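Observations on the model geometry
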Amino acid sequence: MKRIVPSFLLALATMVLASCGGSPSSISSSIEETSEGTLPSKEETSIVESSSEFSSEPAPEPSSEPEPEPSSELEPSSEPEPEPSSEPEPEPSSEPEPEPSSEISSQEPSSEPKPEPSSEPEPSSEPSSEQPSSSSKTSSSQFTPPAGLGVADGPILHCFNWSLNNIKAKLPEIKEAGFRSVQVSPMQPQKDPYVGDWKNEWWKLYQPLGFHVAVNNENVLGTKSDLTALCKAAKDEGIKVVMDVVANHLANGNNRGELNYNVSQHESYIYNNQGQTIHEYTDCNDSNTRNVVWGNIGMPDLNTSNKKVQERVISLLKEYVDCGVDGFRFDAAKHIETPEDGDYASDFWPSVLGATTDYATGKGKEAPYYYGEILYTCGGGRSWEAYTKMMSICDNDQGSAMLEAVVTKNLGGLSQDYQTVNDGSKLVLWAESHDTYSNNDGSGYSLTKNFSEADMNKTYVVQTSRKGASSLYLSRPNGTIGSVGSTAFESDSVRAINQFHTLFVGKDEAIYKTDGAFINVRGSGTECGAAIVGINSASTLNLKLNLADGKYVDLVNGTRYTVSGGNVSVTLHESCAILVPANASINPPSGDGPAITFNCDKPVFADSTKLSITVENADSATYKVDGKPSVSFSDSAEVNVTSSSASARIGITVEATNEFGSSSKTFYVYKTSAETLQSTIILINVPETAYPFIWAWPTGKDGAWITPKRETGLFAFTFSDVNYLVANFPVGTTTPDWGTKISQTTDRKVGEQIIDYPTLRLQ
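It should be emphasised that the depicted structure is a prediction, and the values quoted were computed from it without experimental measurement.

Concerning the overall build of the chain
In terms of helices and strands, the chain carries 14 helices and 37 strands. Within the chain, residue pairs in contact and separated by at least 24 positions form 73% of the contacts whose partners lie at least 6 positions apart. Per element, the accessible surface of the chain, about 28400 Å² overall, is 46% carbon and sulfur.

Encoded structure:
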């Protein structure tokens, strides 16, 4: 949908979609500041004491009534004035096409069981910190979230632009990082599915041609069968799948007020009856209800009150349910009317959500989770509650304010409470969305790509520590559409806060700021934990926390601490410390294991190549070249690799150990002839199941198949044309034919000579 983003650096620009901050809600937690570096005593906080331990009993359902105001005062902070963005850039073609966007929303609370510790924390008379002994080593991969948690109870990883198969392959890492759900980009048949550059063309996924799950080559991310396989694999890992749905509009044609001709192939009724299925062109802005819910955001606005349109959306959602999808995010939900919109009201939401819920539960499945994209305001004086009666929504005002607070080191900005509705269970928070990261216009905090992933992670830790609301983490895109984005979601601090969030679902919170750090104490009595984030502080903090005396473990790096009289000295890692009772049913990390990195300028060589190896945090390290004895080294080593074979794949394996464990990594180089090195394209690390050929053509001319030179582990192609694509065929193919093609890349121009095959995106 049309991007609407805040800016804290410029005055409010001319409205495209007018935005203003939501009314601050009642503060549901105690927020205090001290200059002495100590936190208030138990009697001064809002934490409710409880004699119960972590148990398997369900957590109480949060009340719909707002919690009472705490006695302490919230430090005043200015609320950011949102600024609308400019019109999206058009597609570089004869068709003027806007760049759509989306928004993020929320998740419901849970009454599911909570983990149970094995015993009371052991008290100690002196505060101390200690590294785990060898006998207490555990692995973070052993973390098992409590059973039964749904989308609403756990953090969501936004796998923006990832192919379905890439998400499936990364599920073990996603689970280990503590995420409970993955959000998938739209899988409807998309406009122009043969795209490669996410920076300029990602928005085509938000211009669908119809309401069914894509098959064949209708979507660059995969097919319906790929989605079914992903949902099954995710279920096996205990991870929910949330599907992004575009229901407000379909792809535009030669102008923004008419449908793309290709819609006729998928939605003949909608295309052939545009007088009834498409609203008359109206500029979209927040000035009144009509402009909000009937306005054109760059694509023809569907008449979502039309029963035929509703039936098509319902059909899509049922199809997703059959694939195994657990929940839905609705793009541009703000621009679809509710039953409370007066002359512009309709039953779209109750009709569509009701039919989908009935369908899922009738098949013995859980009721799906729903949340909609609503940025800043509902527009036209409309009510948040009109949506939250039926779904969750986002509170991006708070998310943006928190990011600004982290970047500007303003602790006061981190203490704001939810700015839309009081009920945190109806909210999703995020430090950045795919819109704010992908934006090419605007300024300040509307362009989050200008800020580091370290700042994003710190903001995410603050948000995910909160009670009620769930958090969404954006994996920043890179490379072509379909490739795995940034793996910063695997960082220690993100994993730790995700585990913390899951452990304390439904527990009380008390928020403080002291010594330049944000602190959120969750739970009460012996069921307490603390999330500590250094915003403008030293790496070591001497704190008096509202925690019961006893042993605690930092989920970030496994350091053990003893709290005595509330006192503890905490060392921050990745600017964070996430403390939970040492006997809570989460296996913490054992500490920082060795890190191994390789650097090789010539992974393919004709005579010899040099490989640089670096290890960090290692007590001992060895490397071994195929067929040769192991060599010990410390810190770094440079290996000269050669081979007497005409062609060979040579593996260099490094093993490193320290007191916390061991690491092993193998890097491959390839020996070939000087003649092969002159080839235009060399594919390396080709798996045995892949059998590639290249289709090459000069611009504007016919193409031809290029047969590769097949060597050990690499495929070399020689041609002089400037355009090509890689197609995969059944193993043993001698004569390629489009009818037997298994998969292919998008079109490429000759540039880099050596390509790592696993990085290619195959459709």
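So, unusual backbone geometry
Residues other than glycine predominantly adopt negative phi, and peptide bonds predominantly adopt the trans conformation. Positioned with a positive phi, Asn161 is a non-glycine residue whose angle comes to about 70 degrees. Within the fold, Asn161 resides in the loop between strand S5 (156-159) and helix H1 (164-176). Non-glycine residue Ala332 carries a positive phi angle of around 55 degrees. Structurally, the position occupied by Ala332 is in the loop between strand S8 (327-331) and helix H8 (348-362).

Some remarks on the nonpolar core
Ranked by size, the top nonpolar core spans 104 residues in total, and within it Ile174, Leu227, Tyr320 and Phe328 carry the most contacts. Take this core: its biggest share by element is eight residues, from helix H7 (residues 307-323). Counting residues in each nonpolar core, the second largest holds 21 residues, with Ala510, Ala530, Ala548 and Ala577 among its members.

Points about the packing of helix H10 (residues 396-408) against helix H12 (residues 453-464)
At a minimum axis separation of 9 Å, H10 and H12 run at an interaxial angle of 125 degrees. Considering their axes alone, H10 and H12 lie oblique with respect to each other. Considering only the axes of H10 and H12, their crossing is right-handed. Contacts between H10 and H12 pair Gly399, Met402, Leu403, Val406 and Val407 from the former with Asp455, Met456, Lys458, Thr459, Val462 and Gln463 from the latter. The class makeup of the residues in the contact of H10 with H12 is six nonpolar, three polar and two charged.

Focus on the packing of aromatic side chains
As enumerated under the stated definition, the model contains 27 aromatic pairs in all. Ring centres of Trp202 and Tyr206 lie 6.0 Å apart, and the angle between their planes is 75 degrees; on these two criteria the pair is classed as edge-to-face. The same class applies to Trp202 and to Tyr206, which are both buried. An aromatic cluster is built from Tyr691, Phe693, Trp695, Trp705, Phe715, Phe729 and Trp738, whose rings are joined through pairwise contacts. The ring of Tyr668 carries Arg649 above its face, with NZ or CZ at 3.9 Å from the centroid. Positioned above the aromatic ring of Phe693, the side-chain terminus of Arg710 is 4.8 Å from the ring centre.

Reading the values: rules and limits
- Residues numbered from 1 in each chain as written.
- Predicted model: local features only at pLDDT ≥ 70, side-chain atom pairs only at ≥ 80, totals over all residues.
- Heavy atoms only, no water.
- Helix = DSSP H or I, 4+ residues; strand = E, 2+ residues; numbered from the N terminus.
- Contact = heavy atoms within 4.5 Å.
- Areas by Shrake-Rupley, 256 points an atom, 1.4 Å probe, with all protein chains shown as cover.
- Core = buried A, V, L, I, M, F, W, Y, C linked by side-chain atoms within 4.5 Å.
- Buried < 20%, exposed > 50% of the residue type's maximum accessible area, 1.4 Å probe, protein only.
- Axes fitted to C-alpha atoms, helices over the stretch in contact; angles between N-to-C directions.
- Parallel < 35°, antiparallel > 145°, perpendicular 65-115°, else oblique.
- Left-handed = near helix turned anticlockwise from the far one by under 90°.
- Nonpolar A, V, L, I, M, F, W, Y, C, P; charged D, E, K, R; others polar.
- Phe/Tyr/Trp six-rings, centres within 6.5 Å; stacked < 30°, edge-to-face > 60°.
- Lys NZ or Arg CZ within 6 Å of the ring centre and 35° of its normal.

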